[in-house]
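Coordinates in review
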Amino acid sequence: MPRQEGLIVQNMGSAVRGPFSVSFDLGSCAVLQGPSGVGKSLFLRMIADLDPNTGTVTLDGTDRTAMPAPMWRRLVTYVAAESGWWAETVAEHMRDVAAARALMPDLGLDPDLLDAPVARLSTGERQRSALVRAVVGRPRFLLLDEPTSALDAASRDRVETMLGGLKSTGLGFVIVSHDSKQAERLGDRHFVMAQDNLTEILS
Amino acid sequence: MTPVALSPADLAVAAMLVVASAALSLVLSLGVHRPLLVSAGRLVIQLVLVGLVLRVIFASASMWVTFGVIAIMLAAASREMGARSPRRLKGLWHLGIGTLSILGATLPVALIVLLTALKPTPWYDARHAIPLVGIILGTVMNGGSLALNTILSSVARDRLAIEARLALGATRQEAFRPILRQAVRTGVTPTVNQMAAAGIITLPGIMTGQVLAGMDPLDAARYQILLLLVLSTAGFLGAVIASYAALHRLTDHRHRLRLDALV
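Position labels on residues start from 1 in each chain and follow its written sequence. Each chain is given a letter, starting from A, and each ligand a number, starting from 1, according to the order in which they appear as written. Predicted model: local features are reported for residues with pLDDT of at least 70 only, side-chain atom pairs are reported and counted for 80 or more only, and whole-chain, interface and lining totals are derived from all residues. Note that the side-chain values use all heavy atoms of the structure and ignore hydrogens as well as water.

Only runs of H or I of at least four residues qualify as helices and only runs of E of at least two qualify as strands under DSSP, and these elements are numbered from the N terminus. A tally of regular secondary structure across chain A gives 6 helices and 10 strands. When its C-alpha atoms are laid out on the principal axes, chain A stretches across 45 × 35 × 30 Å. By the convention used here, residues are in contact when the closest approach between their heavy atoms is within 4.5 Å. Residue pairs in contact within chain A that sit at least 24 positions apart in sequence constitute 68% of those at least 6 positions apart. Note on areas: these come from Shrake-Rupley sampling with a 1.4 Å probe, and a residue is covered only by the protein chains present in the view. Entry remark: accessible area of chain A is about 9,000 Å², with carbon and sulfur atoms responsible for 51%. The charged-residue count follows a simple rule in which Lys and Arg add positive charge and Asp and Glu add negative charge, with His and chain termini not counted at all. We put the charge of a Lys on NZ, of an Arg on CZ, of an Asp on CG and of a Glu on CD. Counting 21 positive and 25 negative side-chain charges, chain A places the averaged centre of each group 2 Å from the other.

Our next topic: the domain arrangement of chain B. Domain boundaries assigned for chain B yield domain 1 (1-60) and domain 2 (62-261). Of note, the centres of domain 1 of chain B and domain 2 of chain B, computed from C-alpha atoms alone, are 26 Å apart. The domain boundaries here were taken from an automatic or database domain assignment.

A separate point is the packing of aromatic side chains. One pair of aromatic rings is described through two measures. These are the centre distance and the angle between the planes. Residues and elements named next belong to chain A. Aromatic pairs are defined between Phe, Tyr and Trp rings, using the six-membered ring for Trp, whenever the two ring centres lie within 6.5 Å; interplanar angles under 30 degrees are classed as stacked, those over 60 as edge-to-face, and all others as tilted. Scanning the entire structure with this criterion turns up 7 aromatic pairs over all chains. Taking 6.5 Å as the distance between ring centres and 75° as the angle between the ring planes, the aromatic pair formed by F24 and F43 counts as edge-to-face. Linking F24 in strand β2 (residues 20-24) with F43 in helix α1 (residues 40-47), this pair joins segments that are 19 residues apart in sequence. Considering the side-chain rings of F24 and F191, the 5.7 Å spacing of their centres and the 75° angle between planes classify their relative orientation as edge-to-face. Residue F24 is located in strand β2, and its partner F191 is located in strand β9 (residues 189-194); the two are separated by 167 residues in the primary sequence. With relative accessibility at 2%, the residue F24 sits in the buried group. With a relative accessible area of 4%, F191 lands in the buried category. Look at NZ for Lys and CZ for Arg. If either is within 6 Å of the ring centre and within 35 degrees of the ring normal, a charge sits over the ring. Seen from the ring of W85, R133 lies directly overhead, with NZ or CZ sitting 4.2 Å from the centre. A 1.4 Å probe rolled over the protein chains alone gives each residue an accessible area, and that area as a share of the maximum for its type sets the label: buried under 20%, exposed over 50%, partly exposed in between.

Take the UniProt feature "transmembrane region" (unreviewed entry) in chain B next. Residue and element names in this part refer to chain B. UniProt positions are given in the numbering used here, feature names are shortened, and annotations may be inferred rather than shown by experiment. The UniProt record marks residues 12-32, 44-74, 95-118, 130-152, 195-213 and 225-247 with the feature "transmembrane region" (unreviewed entry), using the residue numbering of this structure. Secondary structure across residues 12-32 comprises 76% helix and 0% strand; the distance between its end C-alpha atoms is 21 Å. Between the C-alpha atoms that bound residues 130-152 the distance is 32 Å, and the span itself is 100% helix and 0% strand.

In this chain, T121(B) is followed by P122(B) through a cis amide linkage whose omega measures -10°. Within the secondary structure layout, P122(B) lies in the loop between α4 (93-118) and α5 (126-157). Not every positive phi belongs to a glycine, and D60(A) is a case in point at roughly 50°. By relative accessible area, D60(A) is classed as buried at 9%. Of note, the phi angle at E146(A) is positive, near 50°, even though the residue is not glycine.

Ranked by internal contacts, the top residues of the largest apolar core, which has 77 residues, are L7(A), F24(A), F43(A), I47(A), L143(A) and L250(B). Top element by residues in this core is α5(B). It accounts for 13 residues. Aside from chain neighbours lying at most four places away, what touches F24(A) is G6(A), L7(A), V9(A), A30(A), F43(A), I47(A), F141(A), V174(A), R189(A) and F191(A). In plain words, nonpolar cores are sets of buried Ala, Val, Leu, Ile, Met, Phe, Trp, Tyr and Cys residues tied together by side-chain atoms within 4.5 Å. Residues A91(A), M94(A), L113(A) and L168(B) belong to the second largest nonpolar core, which totals 36 residues.

See below:
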């Protein structure tokens with residue numbers, strides 16, 4: 001059987017949503033849009049196996065059930081719209097502090113923020129730091145839920161530029177966005193989600 | 001040792017103090033007169049009944065009666081442990097975790113003390129086994145319910161932090177570590193405080209009772225040391241068992257946070 005590259009979702013669903021079948025490519029960005037409450041976040045969370053669901057999801061031919069869930073989530077990392085923090089300083093949240101320090105200026109973040117208490121960060125700084133936190137974990141796929149919702153235009157552009165750079169290194173993205181212009185700028189493929197189906201918009 | 005018996009008249013003086021406190025609460029409209037009087041009433045009735053029942057049990061010297069009484073005490077404590085939780089776990093889990101912590105922490109500690117330090121004949125002698133299980137049970141219930149309450153009240157509040165860690169590839173044990181530490185710490189605080197303060201800030205209850213009843217202070221101190229050492233172990237065990245059992249229930253084998261386990 002040929003090795004199936006990318007992130008392949010087959011008949012994935014919960015009790016109230018789905019089933020969904022779709023495949024996403026590495027080095028590519030899929031943007032997901034749809035009305036609020038339709039289950040876009042749940043869709044990303046199910047791929048990351050953070051919510052109970054049925055169906056199969058594979059990455060480069062390897063089924064997620066073949067590995068412990070934490071290992072799967074290191075490969076396919078979900079970044080929530082609202083970031084959660086568990087330690088005092090920003091640095092304590094980074095798996096690779098040196099990599100975070102190097103990455104932060106690209107997002108307009110002062111690397112000195114690493115030593116600052118999380119509580120002192122603005123909402124926008126927190127959102128970008130959460131993105132840094134996920135990227136330095138070196139995932140293969142990033143599932144981003146409204147990654148720029150709390151950012152001004154300048155910061156948003158920096159984030160989009162960084163995501164573009166990561167894409168060219170082979171990282172795959174599924175991004176939920178309410179911003180149609182952002183969807184156009186970032187998306188290689190576009191999907192619209194309804195209650196129990198996912199439709200690709202072919203331009 | 002000849003115990004000094006108290007007469008009902010002696011107790012009446014103490015009871016008047018509680019009534020006076022309730023009256024003061026009423027005058028200052030502090031609103032605690034009812035709970036004060038009700039719980040004082042309960043205390044008197046409960047302890048007098050227990051005294052009478054224990055008298056009968058000690059006289060019977062039956063193994064089955066002793067074990068039966070201990071089983072009832074364990075069951076009541078298991079139910080009581082989760083009775084005042086801020087959130088409850090669905091189904092039988094709430095009671096189940098209470099039972100598991102009570103049994104898992106109380107029985108081993110009580111057996112060790114009976115078989116090594118106290119060594120009564122027979123080893124299940126009611127005069128030793130029942131009060132010992134009772135005092136250990138109280139500590140386990142306190143430690144376990146403080147720990148369980150901490151987990152249950154923090155888990156929903158810290159959902160974002162826990163899920164952020166899980167999403168980044170942490171195991172459920174890693175993601176829950178801050179909450180687990182907090183829970184166990186809260187659970188052992190009363191016994192740690194009790195040990196640290198013993199003799200300096202307060203004279204512990206057992207020792208006070210024995211000294212007042214006429215026992216040599218150093219002998220009384222030995223008993224108190226033995227009890228505080230085993231009580232701290234039991235309280236710690238109760239907190240650990242309750243915390244890890246709650247963690248187990250609030251997550252699943254795919255390391256997901258399962259808040260749907262809460263009512």
